[in-house]
Amino acid sequence: IEPPMEQVAELLTVAREALTNVARHADARAAELDLSDDGVAFRLEVIDDGRGFDASAQSAAGHHGIANMRQRAARLGGMLEVASQTGRGTRIILTLPHRPGVHPGDQRMMEREA
């Protein structure tokens, strides 16, 4: 997988932020990082088996990690998903389209029409 350098920098930054959150807050025994490319978008997943949290709750003061990751994703036309449940770990998924500004679902539709 060879993302453009601009995206490599963002993927690494989000991976680092997510793993830092695991180390600081999750009390996890293990974390897994996966980077894939479906031909339309790069997908980074960071999964841990830690304590999890209520993803719908507002972040505590001074905790900006997830908000920062969302901003990075949005800046490149991507999306950040957070799935977590108390006691069941956390999954962070960053999707970055190959063509900034084109949502991966829109890109797939354009390819089918071509």
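Since the structure is predicted, the reported quantities are computational estimates derived from the model, not experimental observations. (Residues numbered from 1 in each chain as written. Predicted model: local features only at pLDDT ≥ 70, side-chain atom pairs only at ≥ 80, totals over all residues. Heavy atoms only, no water.)

Trainee: Just give me the short version of the overall build of the protein chain, but keep the residues and values in it.
Mentor: From N to C terminus, the protein chain includes three helices and four strands. Moving toward the C terminus, one meets the helices and strands of the protein chain in the order α-β-β-α-β-β-α. Across the 114 residues that make up the protein chain, the buried fraction comes to 34%. Excluding contacts between residues fewer than 6 apart, the proportion of contacts in the protein chain whose partners are at least 24 apart in sequence is 59%. (Helix = DSSP H or I, 4+ residues; strand = E, 2+ residues; numbered from the N terminus. Buried < 20%, exposed > 50% of the residue type's maximum accessible area, 1.4 Å probe, protein only. Contact = heavy atoms within 4.5 Å.)

Trainee: For the side chain of Glu45, give the residues involved together with the corresponding values.
Mentor: One can find Glu45 in strand S2 (residues 41–48). A polar side-chain atom of Glu45 sits 3.2 Å from a polar atom in the side chain of Arg43. (Polar contact = N/O pair within 3.5 Å; in protein donor to acceptor, adjacent residues only side chain to side chain.)

Trainee: Explain the nonpolar core residue by residue, including any values.
Mentor: Ranked by size, the top nonpolar core spans 15 residues in total, and within it Val14, Leu44, Met69, Leu80 and Leu94 carry the most contacts. Residue assignment for this core shows that the elements contributing at least two residues are helix H1 (5–26), S2, helix H2 (65–75), strand S3 (79–84) and strand S4 (90–97). Per-element accounting of this core gives the leading share, four residues, to H1. Apart from residues no more than four positions distant in its own chain, Leu44 is found in contact with Leu11, Val14, Ala15, Leu33, Asp34, Leu35, Ile92, Ile93 and Leu94. (Core = buried A, V, L, I, M, F, W, Y, C linked by side-chain atoms within 4.5 Å.)

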